[in-house]
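# Structural overview for review
One letter stands for each residue in the lines below.
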Amino acid sequence: TTSSSEVADIASVLLERHRHAGVDFSDMAIATRRASDIPQLASRLQQFGIPTHQEYRPALGSHAASRELVGWIVAARQPGWLTPERATALFEGLYGQCDARRLRRLGSVLRIIDDAQGHSRRGIDSIIAVCESGHYPPELPQSFQPPLDRIIRVLSAVRGLPEDASATLVTSTAWQAWGVE
């Protein structure tokens, strides 16, 4: 929360700019660290005679797209993190773009290929193995390859970064690999 002295200081600066420099209040802005501080700050500024217009968005982490992106990043950076539940959620999400039926079909096809190669595992575990290895069997039908190519491209791009890469670099790389940024 913003202390009374901070609000008074902010109000003083805003009033000074408005009265002496002719800057309209609507041309000024205040940024806060937490969106939850905005309603109280606006109310306190109004007590100083400063009109406010509140515009804020929820935290980035509360957006499904951000949470999923973080999920794919963690899947790339932490071997073994991708569980059947997590893989299902990510593949069926905004980036994976696989509906439940198609994901089951992909798992069935990969399981059949695995069985022929002497690997006995569930379909979702075959999907996880593809994500972790970074490649799929050449026998995989063409119709399943583009979504896996996209996912493998993202995972590989993030895995290719140095272990001490900044969060900004890792996130930006993931966005770029998805073709979002």
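If you're wondering where the values come from, they're calculated on a predicted model, not measured in any experiment.

## Considering the overall build of the chain
Each helix and strand counted, the chain has eight helices and zero strands in total. Listed N to C, the secondary structure of the chain is α-α-α-α-α-α-α-α in terms of helices and strands. For 181 residues, the compact-globule estimate of 2.2 N^0.38 gives 16 Å, and the C-alpha radius of gyration of the chain, at 25 Å, exceeds that figure by more than 25%. In terms of overall dimensions, the chain has a C-alpha envelope of 80 × 30 × 25 Å along the principal axes.

## Here we look at the packing of helix 4 (residues 84-91) against helix 6 (residues 123-133)
Where helix 4 contacts helix 6, the two axes come as close as 10 Å, and the packing angle between them is 75°. The orientation of helix 4 relative to helix 6 falls into the category roughly perpendicular. Seen from helix 4, the contacting residues are Pro84, Ala87, Thr88 and Phe91; seen from helix 6, they are Ile124, Asp125, Ile127, Ile128 and Cys131.

## Focus: helix 5 (residues 100-116)
In a regular helix each residue adds 1.5 Å, so 17 residues correspond to 24 Å; helix 5 covers 24 Å between its end C-alpha atoms and thus fits that length. Of all the positions in helix 5, only Leu103, Leu106, Gly107, Leu110, Ile113 and Asp114 are classed as buried. End-on view of helix 5: buried residues confined to an arc of 125°, all on one side of the axis. When the buried face of helix 5 is taken as reference, the exposed residues oriented beyond 90 degrees from it are Arg101, Arg104, Ile112 and Ala116. The secondary structure elements touched by the buried residues of helix 5 are helix 4, helix 6 and helix 7 (145-159). One side-chain oxygen of the residue at the start of helix 5 lies 3.1 Å from the amide nitrogen of arginine 101, identifying that residue as aspartate 99.

## A word on the layout of surface pockets
Roughly 510 Å³ of volume is contained in the largest pocket. For the largest pocket, the lining is made up of 23 residues, of which Met28, Ala29, Ile30, His53 and Gln54 are closest to its centre. Element by element, the count of residues in the lining of the largest pocket is highest for helix 2 (residues 38-47), at four residues. For the lining of the largest pocket, the class distribution of residues is 14 nonpolar, five polar and four charged.

## Details of the pattern of salt bridges
This structure, assessed with the given rule, holds three salt bridges. In this structure, the salt-bridge partner of arginine 121 is aspartate 114, at a minimum N-O distance of 2.7 Å. Residue aspartate 125 is joined to arginine 122 by a salt bridge in which the shortest nitrogen-to-oxygen separation is 3.1 Å.

## Focus on unusual backbone geometry
For glutamine 97, which is not a glycine, the phi torsion comes out positive at approximately 50°. Mapped onto the elements, glutamine 97 comes out in the loop between helix 4 and helix 5.

## Some details on the side chain of threonine 173
When you line up the elements, threonine 173 lands in helix 8 (residues 167-178). Given the relative accessible area of 13%, threonine 173 is considered buried. For threonine 173, the side chain forms a polar contact with the main-chain oxygen of leucine 169, separated by 2.7 Å. Apart from residues no more than four positions distant in its own chain, threonine 173 is found in contact with Ala157, Val158 and Leu161.

Rules used throughout
- Residues numbered from 1 in each chain as written.
- Predicted model: local features only at pLDDT ≥ 70, side-chain atom pairs only at ≥ 80, totals over all residues.
- Heavy atoms only, no water.
- Helix = DSSP H or I, 4+ residues; strand = E, 2+ residues; numbered from the N terminus.
- Rg over C-alpha atoms; globule rule 2.2 N^0.38 Å.
- Axes fitted to C-alpha atoms, helices over the stretch in contact; angles between N-to-C directions.
- Parallel < 35°, antiparallel > 145°, perpendicular 65-115°, else oblique.
- Contact = heavy atoms within 4.5 Å.
- Expected span 1.5 Å × (residues − 1).
- Buried < 20%, exposed > 50% of the residue type's maximum accessible area, 1.4 Å probe, protein only.
- Arc of directions from axis to C-beta.
- Polar contact = N/O pair within 3.5 Å; in protein donor to acceptor, adjacent residues only side chain to side chain.
- 1 Å grid on protein atoms, 1.4 Å probe; cavity = no way out; pocket = protein on both sides within 12 Å on 5 of 7 lines; lining within 4 Å.
- Points joined across faces, edges and corners; volume = space filled by probe spheres on them.
- Nonpolar A, V, L, I, M, F, W, Y, C, P; charged D, E, K, R; others polar.
- Salt bridge = Lys/Arg side-chain N within 4 Å of Asp/Glu carboxyl O.

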